[in-house]
Amino acid sequence: MDLTAINLDQPRPAYRIIAGAIADEIQAGRLKPGQRIPSARTIASDVGVSLRTADAALRVLREDGLTVSVHGLGTFVAEDAGD
């Protein structure tokens, strides 16, 4: 996933734009169930946002049931994401 292609020049909060871009990748099947997604630090660095903003984007994905977090391992696409 090319995080640098995310366009933040939109009238929505950055965390929502980031979460939407990752959700689109999941829905399209480009990110598969069980696949690890970028960490908050990677998102923050690649997109050019704060760590807090990146964390908020990952929280939205978890709350929407698209991802699961495994302590010490990272965040992964949920097995039933895209259903």
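Our subject is the structure listed above.
Residues numbered from 1 in each chain as written. Predicted model: local features only at pLDDT ≥ 70, side-chain atom pairs only at ≥ 80, totals over all residues. Heavy atoms only, no water.

Student: Where do I start with the side chain of Glu25 in this structure?
Tutor: Along the chain, the position of Glu25 falls in helix α1 (residues 14-27). Here Glu25 falls in the buried class, since its relative accessible area comes to 19%. (Helix = DSSP H or I, 4+ residues; strand = E, 2+ residues; numbered from the N terminus. Buried < 20%, exposed > 50% of the residue type's maximum accessible area, 1.4 Å probe, protein only.)

Student: Can you walk me through a nonpolar patch on the surface in this structure?
Tutor: Side chains of Val68, Val70 and Leu73 sit close together on the surface and give an oily, nonpolar patch of about 240 Å² of accessible area. By the secondary structure assignment, Val68 is in strand β2 (residues 67-70). The class of Val68 is partly exposed, set by a relative accessible area of 41%. (Patch = residues over 30% accessible without salt bridge, like charges linked within 9 Å, V, L, I, M, F, W, Y side chains within 5 Å. Areas by Shrake-Rupley, 256 points an atom, 1.4 Å probe, with all protein chains shown as cover. Salt bridge = Lys/Arg side-chain N within 4 Å of Asp/Glu carboxyl O.)

Student: Is there a simple way to explain the environment of Val68 in this structure?
Tutor: C-alpha of Val68 to C-alpha of Ala78: the two residues are ten residues apart in sequence and 5.6 Å apart in space. Aside from chain neighbours lying at most four places away, what touches Val68 is Gly74, Thr75, Phe76 and Ala78. (Contact = heavy atoms within 4.5 Å.)

Student: Looking at this model, I keep getting lost on the environment of Gly65. Mind explaining?
Tutor: Relative to the assigned elements, Gly65 resides in the loop between α3 (51-63) and β2. For Gly65, a relative accessible area of 31% translates into the label partly exposed. Gly65 sits 49 residues away from Arg16 along the chain, and the two C-alpha atoms are 15 Å apart. If sequence neighbours within four positions are ignored, Gly65 has contacts with Ala78, Asp80 and Ala81.

Student: Before we go on, may I ask you to explain helix α2 (residues 40-47) in this structure?
Tutor: Helical geometry: 3.6 residues make up each α-helical turn, so side chains three or four residues apart lie on a common side. Residues of α2 that are buried include every one of Ala40, Ile43, Ala44 and Val47, and no others. Taken end-on, α2 shows its buried residues confined to a sector of 100°, consistent with a single buried face. Summarising the geometry of α2, the exposed residues directed more than 90 degrees from the buried face are Arg41 and Ser45. Where α2 is buried, its residues contact α1 and α3. Gly48 occupies a position one or two residues after α2 and carries a positive phi of about 85°. (Arc of directions from axis to C-beta.)

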